[in-house]
Amino acid sequence: MDTLSGGVGSHSSYETASPAPGAGEGGDDQRAAASVAEYEEAYERKRLRLAEVEEEARKIRDELARKDEEIHALREELGLTPLAQLKQAVETSAAYQKTMEIGDRVASSDAYKKTSSTLADVGNKTAELLKSASAKTSETFNQASQNIQESETLNGIGAKFRQATTKIKGSFTKDSVDEPHVSVSGLTDDPHHDI
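Residues numbered from 1 in each chain as written. Predicted model: local features only at pLDDT ≥ 70, side-chain atom pairs only at ≥ 80, totals over all residues. Heavy atoms only, no water.

Participant: Sorry, what's going on with the overall build of the chain here?
Facilitator: Helix and strand counts for the chain come out as five helices and two strands. The linear arrangement of helices and strands in the chain, starting from the amino end, is β-β-α-α-α-α-α. Restricting to contacts in the chain with at least 6 residues of sequence separation, those with at least 24 account for 22%. (Helix = DSSP H or I, 4+ residues; strand = E, 2+ residues; numbered from the N terminus. Contact = heavy atoms within 4.5 Å.)

Structure, rendered in structure tokens:
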């Protein structure tokens, strides 16, 4: 058994056991050998071309990755973040434009204008009412405070407090050897009176 190989490996090996049917004796072997050599050359050319194309594709992928990084960096520098791009896409969408048109029509309608005017009036009146109520409350508290200060009861308590304070101060300033004795029930200098 003859084995013909062209150095490519098992893919290009052929085994020939007998000549092809209808082939003559001398030239057929040469033609078969030439056919195998041509096949192996074609196979090797295709394998090399495949390697070249794969290398070109790898280089293109690498270049594309570098370009994507550059695009990302430039977008960040320009403030074109994904959120900003989404916002821009939404704002340029037909649905957004339609919504804005409807909003503009509503805002320019008579019903909207009347409602807006009424709400503004209600807001102003509410503010005036709150201001008035605040002034009234303040006035009432001021009057109550003045009434309390002028009341006889408060003045009586204040007078008694001043008298007690004066008595206490006086008892501490006497030139006596005995310490003053102050009772809770009534302010007195009696040393025999128990607290």
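Participant: Help me understand the pattern of salt bridges in this model?
Facilitator: Any two side chains of opposite charge can pair, given that their charged atoms come close. Within this structure, the stated rule accounts for eight salt bridges. With a closest N to O distance of 2.7 Å, aspartate 62 and arginine 58 form a salt bridge. Note that aspartate 62 and arginine 58 are positioned in helix α1 (residues 27–77) at a spacing of four residues, about one turn of the helix. In this structure aspartate 62 comes out as partly exposed when scored by relative accessible area, which is 33%. Given the relative accessible area of 35%, arginine 58 is considered partly exposed. Across the pair lysine 87 and glutamate 91 runs a salt bridge, and its minimum N-O distance is 4.0 Å. Of this pair, lysine 87 and glutamate 91 both sit in helix α2 (residues 82–91), four residues apart, which is roughly one turn of the helix. (Salt bridge = Lys/Arg side-chain N within 4 Å of Asp/Glu carboxyl O. Buried < 20%, exposed > 50% of the residue type's maximum accessible area, 1.4 Å probe, protein only.)

Participant: When you look at α1 in this model, what are you seeing that I'm missing?
Facilitator: Since there are 3.6 residues in each turn of an α-helix, residues three or four apart along the chain are aligned in direction. Along its 51 residues, α1 runs 75 Å from first to last C-alpha, staying within 8% of the 75 Å computed at 1.5 Å per residue. Taken as a whole, α1 has its buried residues at Asp28, Val36 and Glu40. Phi turns positive one or two residues past the end of α1, at glycine 79, with a value near 80°. (Expected span 1.5 Å × (residues − 1).)

Participant: How should a nonpolar patch on the surface be read in this particular structure?
Facilitator: Taken together, the side chains of Leu83, Leu86 and Val90 make up a nonpolar region of the molecular surface, amounting to roughly 300 Å² of accessible area. Within the element layout of this structure, valine 90 appears in helix α2. Valine 90 gets classed as partly exposed once you look at its relative accessible area, which sits at 39%. (Patch = residues over 30% accessible without salt bridge, like charges linked within 9 Å, V, L, I, M, F, W, Y side chains within 5 Å. Areas by Shrake-Rupley, 256 points an atom, 1.4 Å probe, with all protein chains shown as cover.)

Participant: Quick question: what am I supposed to make of the confidence of the model for the chain here?
Facilitator: In low-pLDDT regions, the fine details of the predicted coordinates are not to be read closely. Of the residues in the chain, 75% reach a pLDDT of 70 or more, and the chain-wide mean stands at 78. Averaged pLDDT values over the elements of the chain bottom out at 44 in strand β1 (residues 2–4) and peak at 92 in α1. Confidence drops under a pLDDT of 50 for residues 1–23, and excluding neighbours within four residues, the segment shows 26 contacts in the predicted structure. (pLDDT = per-residue confidence, 0-100.)

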